[in-house]
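# Descriptive analysis of the structure
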Amino acid sequence: MKSISKIWLAITLLLSAANTHAQSENLKMETVKINGACDMCKSTIEKAGNISNVAKVEWNTDTKQAVLKYDTVKTSRGEILKRIASVGYDNQDFLAPEDIYNQLPECCQYTREPALDTNISDNNLDSNKQVHKHVGKTDVTQIKTQLQTVINGYFAIKDALVKTDGKSAAVQATELMVVIKAIDMDKLATNEHSTWMKVRQNLTESVESISKTKSISRQRDSFLDLSKYTYELAMVADLSSPVFYQHCPMYNSGKGGHWLSKELNIKNPYFGSSMLTCGETIETLD
């Protein structure tokens, strides 16, 4: 019996050693820049980034550099930095949502780079908050695909409908028509090209309908279709940043309506200020 016990002990030790070796092979350490201002920032940044036995963040108040140590099987640098951005801290990969940054204590409000827009997003692992990189008319991020320019134009129309501004929506739709006509299909990736050919006609008709009227109700009806086709593009596009797919259950006589957004907060384009926050994020496209 003692011999059997010794054998099992040896097996257990070998398995434990093998597991420890595997974990050490998966461990990665790198240094990244994270903006912040004070010791309170340090506490918040490290708390957001740390996950027991998975990720460890050590941020230096003076250099604004953080050392990340993490298990590459269980997480990634991107996921860690998304969580940190979601609590208000810009970093080299992601920017914090402006409303979250504005809620930081005064002593924590570091100087942001003026050239950067602060709308960012993806699923936060620890909460319902989400963050994403900037996409839009003032975008300084490299556009990876022509389809991104179409999606940016869509966002401009969406923003006008959120403000219940039919005139602006028509102008933005007219500008998007120019973008659509300028798409060089020969430069699209194979899957992008296939989807573009599939939705181009319907997409164009939806945009054209919005451009030809200042009636906000008609524009919103056309926007419902436009959102459907833009979603299909976003599904295959090499996006510059994650995009939120959101849903309002009240629109269209209770049938509901979807839209895409680059923002964390719900801003309903189908009802504007009358039901601005009606809806929820149901998918994140990355």
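Residues numbered from 1 in each chain as written. Predicted model: local features only at pLDDT ≥ 70, side-chain atom pairs only at ≥ 80, totals over all residues. Heavy atoms only, no water.

For Leu260, the position within the fold is in strand β5 (residues 257-261). Overall, Leu260 belongs to the buried group, its relative accessible area being 0%. Separated by 15 residues in the primary sequence, Leu260 and Tyr245 place their C-alpha atoms 4.6 Å from one another. Once residues within four sequence positions are removed from consideration, Leu260 is found in contact with Tyr154, Phe155, Lys158, Thr230, Tyr231, Ala234, Val243, Phe244, Tyr245 and Leu285. (Helix = DSSP H or I, 4+ residues; strand = E, 2+ residues; numbered from the N terminus. Buried < 20%, exposed > 50% of the residue type's maximum accessible area, 1.4 Å probe, protein only. Contact = heavy atoms within 4.5 Å.)

Glancing now at the confidence of the model for the protein. Interpretation of this model should avoid reading the predicted coordinates in detail wherever pLDDT is low. Across the protein, pLDDT averages 84, with 81% of residues at or above 70. Note on residues 115-142: pLDDT under 50 across the span, and 99 contacts to partners over four residues away in sequence or across chains. (pLDDT = per-residue confidence, 0-100.)

Taken as a whole and assessed by the stated rule, the structure comprises eleven salt bridges. Linking Lys42 and Glu46 is a salt bridge whose minimum nitrogen-to-oxygen distance equals 2.7 Å. Residue Lys42 and its partner Glu46 are both found in helix α2 (residues 39-49); the two are separated by four residues, about one turn of the helix. Residue classification places Lys42 among the partly exposed residues on the basis of a relative accessible area of 26%. (Salt bridge = Lys/Arg side-chain N within 4 Å of Asp/Glu carboxyl O.)

Further remarks concern the sheet that holds strand β2 (residues 55-59). Judged by pairing direction, the sheet is antiparallel, and its three strands sit side by side in the order β1-β3-β2 without closing on themselves. Looking at which strands have only one partner, the edges of the open sheet turn out to be β1 (27-33) and β2. Neighbouring strand axes in the sheet, compared pairwise and without regard to direction, differ in orientation by 15° on average. Looking at chain direction, β1 and strand β3 (residues 65-71) are connected through seven bridges and run antiparallel. Considered in β3, the bridge of Thr31 is made with Val67. In the packing of helix α3 (residues 77-86) onto the sheet, the strands contacted are β1, β2 and β3, and the crossing angle to β3 comes to about 130°. (Pairing = 2+ DSSP bridges. Axes fitted to C-alpha atoms, helices over the stretch in contact; angles between N-to-C directions.)

Each α-helix winds once per 3.6 residues, and so residues spaced three or four apart point in a common direction. Residues of α2 that are buried include every one of Cys41, Ile45, Glu46, Ala48 and Gly49, and no others. Buried residues of α2, viewed axially, fall in a sector of 160°; they line one side. Facing away from the buried side of α2, by more than 90 degrees, are the exposed residues Asp39 and Lys47. Where α2 is buried, its residues touch β2 and α3. (Arc of directions from axis to C-beta.)

A few words on the environment of Asn26. One can find Asn26 in helix α1 (residues 2-26). Residue classification places Asn26 among the partly exposed positions, given a relative accessible area of 24%. For the pair formed by Asn26 and Val73, sequence separation is 47 residues and the distance between their alpha carbons is 6.4 Å. Aside from chain neighbours lying at most four places away, what touches Asn26 is Tyr70, Asp71, Thr72 and Val73.

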